[in-house]
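Okay, here's what each chain looks like letter by letter:
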Amino acid sequence: MTTSPPSAAPPRSPDRRATAAACTTVVLWASAFVSIRSAGEAYSPGALALGRLLAGSLALGTLMLIRREGLPSRAAWPGILWSGLLWFGLYMVVLNWGEQQVDAGTAAMVVNIGPLLIALLGARLLGEGLPRRLLLGMGVSFAGAAVVGLSMSGHGSSSVLGVLLCLLAAVAYAGGVVGQKPALRHGSALQITTFGCLVGTVACLPFAGALISDAADAPVSATLNMVYLGIFPTALAFTTWAYALARTTAGRMGATTYAVPALVVLMSWFLLDEVPALLTVAGGLLCLAGVAVSRMRPQTGATLNHPAPPVEGPPHDAKRQAADRP
């Protein structure tokens, strides 16, 4: 029964949906850099993070009510708390702060250490392994991100504090992703994202005073960009990310985000009239090439005739999730 065509066919459709979800995430996260540039001029780092998370929590909570999804199982909460504090909370604050201390190129280079850390932590803590194609693709993409960063450097100030903040953002991002992965075995993507966002919102409540003060003086365009950040790059993109992450390894999902620098270059070109230098374009192409390599799967007889390993798909996770729910 395990080698018959009907048993091998079902995983293909979810894989296409997961790929579409990952692409949605990458595009929306790339658009976030354009919005942050506007909102960050009127809002302080903590205020911007809290405003973004409040908008995201409201959107996600509304969707939860419409879909009538309840609480995730108890086993999901350690991962929810971990990802909520590190990724939704700490990451957003220190990244906003760091980007005010260093130029965009330096920030891009340092923060893009995150996917490499995800692969290493995933191999160490989740037992995902480090496939040669993944390592090769990530190496190519990181080189591309470094080229993009170098081509953009020199247009702003840099400081040791800014570099350390961006490095902390990369570590928080990696830790949040690795913490979120096990939680997705015990809850839906919407549940894990919603409650992770709520945890991050609560963690950022000390910035409520700054948010109220900044909102009183901020132009409408900056506030609208902050709301956009909460609804689309946060509520929607983090949910599609969780959906895709549940169906692949943390390392491969992290490698996919190397497409973001290339898309940021294109969006800045079309939306902000910032014509990229040839070196920037070359770096963006390297990023995309590395992502393509990292997501390639060897086509062998064994992979065509047998289901994907448990770490590459959700069958085992679905069984655990069904067993954990009442």
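On a predicted model such as this, the values are computed, not experimentally measured, just so you know.

1. Describing the overall build of the chain
Then comes step 1: Across its full length, the chain holds 16 helices and zero strands.
Then comes step 2: Per-residue burial for the chain yields a buried fraction of 48% across its 326 residues.
Then comes step 3: Here the analysis covers contacts within the chain between residues at least 6 apart in sequence; of these, 92% occur between residues at least 24 apart.
Then comes step 4: When the accessible area of the chain is evaluated, it comes to approximately 15200 Å², of which 71% is carbon and sulfur surface.

2. Some words on helix α11 (residues 220–245)
Then comes step 1: Compared with an ideal rise of 1.5 Å per residue, which puts 26 residues at 38 Å, α11 spans 35 Å between its outermost C-alpha atoms and is within 8% of the ideal.
Then comes step 2: Along α11, the helix axis deviates most sharply at Ala237, where the bend reaches about 30 degrees.

3. Some words on the nonpolar core
Then comes step 1: The biggest cluster of nonpolar side chains holds 75 residues, and the ones touching the most others in it are Tyr43, Trp87, Tyr91, Val177 and Trp241.
Then comes step 2: Sorting elements by how many residues they give to this core places helix α2 (residues 12–39) first, with eleven residues.
Then comes step 3: Those residues in contact with Tyr91 that sit more than four places away from it in its chain are Leu86, Ala169, Ala172 and Tyr173.

4. Digging into the confidence of the model for the chain
Then comes step 1: Confidence in the prediction for the chain averages 80 pLDDT; 76% of positions are at 70 or higher.
Then comes step 2: Mean pLDDT per element in the chain: helix α15 (residues 301–305) is the minimum at 42, and helix α9 (residues 189–203) is the maximum at 97.
Then comes step 3: Throughout residues 1–14 the model reports pLDDT below 50, and contacts reaching past four residues in sequence, or to other chains, amount to nine contacts.
Then comes step 4: Considering only residues more than four positions removed or in separate chains, one finds that residues 300–326, a stretch of pLDDT under 50, has 35 contacts.

5. So, a nonpolar patch on the surface
Then comes step 1: The grouping of Val160, Leu164, Leu167 and Val171 at the surface amounts to a nonpolar patch, some 360 Å² of accessible area in total.
Then comes step 2: Its location among the elements puts Val171 in helix α8 (residues 160–183).

6. Points about unusual backbone geometry
Then comes step 1: One non-glycine residue, Arg68, adopts positive backbone phi at about 60 degrees.
Then comes step 2: Assignment of secondary structure puts Arg68 in the loop between α3 (45–67) and α4 (77–101).
Then comes step 3: On the basis of relative accessibility, which here comes to 77%, the residue Arg68 falls in the exposed class.

7. Considering the packing of aromatic side chains
Then comes step 1: Applying the stated criterion to the full structure yields eleven aromatic pairs.
Then comes step 2: Judged by centre distance (5.4 Å) and plane angle (75 degrees), the ring pair of Trp87 and Trp241 falls under edge-to-face. Taken together, the residues span a long stretch of sequence, with Trp87 in helix α4 and Trp241 in helix α11 at a distance of 154 residues. Here the two residues Trp87 and Trp241 agree in accessibility, since each one is buried.
Then comes step 3: Taken together, the ring pairs connect Trp29, Trp87, Phe88, Tyr91, Tyr173, Phe238 and Trp241 into an aromatic cluster.
Then comes step 4: Taking NZ or CZ as reference, Arg247 lies 3.8 Å from the ring centre of Tyr243, over its face.

8. Regarding the packing of α4 against α8
Then comes step 1: It is the contact of α4 with α8, at a shortest axis distance of 7 Å, that shows an interaxial angle of 160 degrees. Between α4 and α8, the angle is such that the two are roughly antiparallel. Crossing of α4 over α8 shows left-handed handedness.

9. With respect to the pattern of salt bridges
Pairing of side chains with opposite charge becomes possible as their charged atoms draw close.
Then comes step 1: For the coordinates displayed, the defined rule picks out one salt bridge.
Then comes step 2: Salt-bridge contacts for Arg67 lead to Glu69; the nearest nitrogen and oxygen are separated by 3.0 Å.

Rules used in this analysis
Residues numbered from 1 in each chain as written. Predicted model: local features only at pLDDT ≥ 70, side-chain atom pairs only at ≥ 80, totals over all residues. Heavy atoms only, no water. Helix = DSSP H or I, 4+ residues; strand = E, 2+ residues; numbered from the N terminus. Buried < 20%, exposed > 50% of the residue type's maximum accessible area, 1.4 Å probe, protein only. Contact = heavy atoms within 4.5 Å. Areas by Shrake-Rupley, 256 points an atom, 1.4 Å probe, with all protein chains shown as cover. Expected span 1.5 Å × (residues − 1). Bend = angle between axes of the 7 residues up to and from the residue. Core = buried A, V, L, I, M, F, W, Y, C linked by side-chain atoms within 4.5 Å. pLDDT = per-residue confidence, 0-100. Patch = residues over 30% accessible without salt bridge, like charges linked within 9 Å, V, L, I, M, F, W, Y side chains within 5 Å. Salt bridge = Lys/Arg side-chain N within 4 Å of Asp/Glu carboxyl O. Phe/Tyr/Trp six-rings, centres within 6.5 Å; stacked < 30°, edge-to-face > 60°. Lys NZ or Arg CZ within 6 Å of the ring centre and 35° of its normal. Axes fitted to C-alpha atoms, helices over the stretch in contact; angles between N-to-C directions. Parallel < 35°, antiparallel > 145°, perpendicular 65-115°, else oblique. Left-handed = near helix turned anticlockwise from the far one by under 90°.

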